[in-house]
Amino acid sequence: MNMADRIQYLRKAKGFSQEELADKAGVSRQAVSKWETGQSTPDIEKIIIMSELFEVTTDYILKGIEPVNMTNRKTIYSLYSGFAVLFATIAGIWSFTANRFRIDECYSIVVAGAAIGCAIALIIQVISNLFRKE
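Note that the structure is predicted; figures quoted are calculated from it, not measured. (Residues numbered from 1 in each chain as written. Predicted model: local features only at pLDDT ≥ 70, side-chain atom pairs only at ≥ 80, totals over all residues. Heavy atoms only, no water.)

Visitor: Which parts of the structure should I look at to understand the overall build of the chain?
Guide: When helices and strands are tallied, the chain shows seven helices and zero strands. Counting from the amino terminus, the chain carries its helices and strands in the arrangement α-α-α-α-α-α-α. Expected size for 134 residues packed as a compact globule is a radius of gyration near 14 Å; at 25 Å, the chain overshoots this value by more than 25%. Counting only C-alpha atoms, the chain reaches 75 × 30 × 20 Å along its principal axes. Taking the intrachain contacts of the chain between residues at least 6 apart in sequence as the baseline, contacts between residues at least 24 apart amount to 54%. Accessible area for the chain stands at about 9,000 Å²; split by element, carbon and sulfur atoms hold 60% of it. (Helix = DSSP H or I, 4+ residues; strand = E, 2+ residues; numbered from the N terminus. Rg over C-alpha atoms; globule rule 2.2 N^0.38 Å. Contact = heavy atoms within 4.5 Å. Areas by Shrake-Rupley, 256 points an atom, 1.4 Å probe, with all protein chains shown as cover.)

Put into structure tokens, the structure is as follows:
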């Protein structure tokens, strides 16, 4: 996706018409049309205005570079939480059914299982980031 496509995509995602974007950016509707068809490019001042309107970075408008957004953070949080719960559950079930641990030892095993789950989630995240950069 090039800059023209990103501007059009962002405008439509916000529900703005070309005329509404033009009014907010202080340009003509024809200027917005030219930006979206790649016939011209907005100056830096207009890119900054659009980044604020569309709630994206100027890097995204210019180069398509997306920062880690809240969705990605929620996904990462879910990954860690999921693995922590999974391993804590496995450790808890194992320690309770083994019948050779005191209850306080079982709690320690559950916490250790959660820590191992978080460590595995971290390893998965690092490996996926390595492959994503290639």
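Visitor: So what exactly am I meant to see when it comes to the nonpolar core here?
Guide: One recurring pattern in soluble globular proteins is that nonpolar side chains are buried together. In this structure, I7, L21, W35, M50, F54 and I61 are the most contacted members of the largest nonpolar core, which totals 14 residues. Put simply, the parts of the chain that give this core at least two residues each are α1 (3–14), α2 (18–25), α3 (29–37), α4 (44–54) and α5 (58–63). Beyond its immediate sequence surroundings of up to four residues, F54 is in contact with I7, L10, R11, K14, F16 and L21. (Core = buried A, V, L, I, M, F, W, Y, C linked by side-chain atoms within 4.5 Å. Buried < 20%, exposed > 50% of the residue type's maximum accessible area, 1.4 Å probe, protein only.)

Visitor: Mind showing me how you'd approach unusual backbone geometry here?
Guide: Note: most residues except glycine have negative phi, and most peptide bonds are trans. With a phi close to 60°, E55 is a non-glycine residue in the positive phi region. Mapped onto the fold, E55 is located in the loop between α4 and α5. According to the relative accessible area criterion, E55 is exposed, its value standing at 64%.

Visitor: Would you explain the pattern of salt bridges in this entry?
Guide: Pairing between side chains becomes possible if they bear opposite charge and their charged atoms approach one another. With the rule as written, the count across this model stands at six salt bridges. The residue D59 makes a salt bridge to K63 at a minimum N-O spacing of 3.8 Å. Here the residue D59 and the residue K63 both occupy positions in helix α5, the gap between them amounting to four residues, near one helical turn. Judged by relative accessible area, K63 falls into the exposed class, the value being 54%. The closest approach of N and O atoms between R102 and E105, which form a salt bridge, is 3.6 Å. (Salt bridge = Lys/Arg side-chain N within 4 Å of Asp/Glu carboxyl O.)

Visitor: Looking at this structure, I do not really get the side chain of K46. What am I missing?
Guide: Position of K46 relative to the elements: it lies in helix α4. Residue classification places K46 among the buried residues on the basis of a relative accessible area of 12%. With residues up to four places along the chain from it excluded, the contact list for K46 reads A25, G26, V27 and W35.

Spatial relationships are all this shows, so hold off on functional conclusions.
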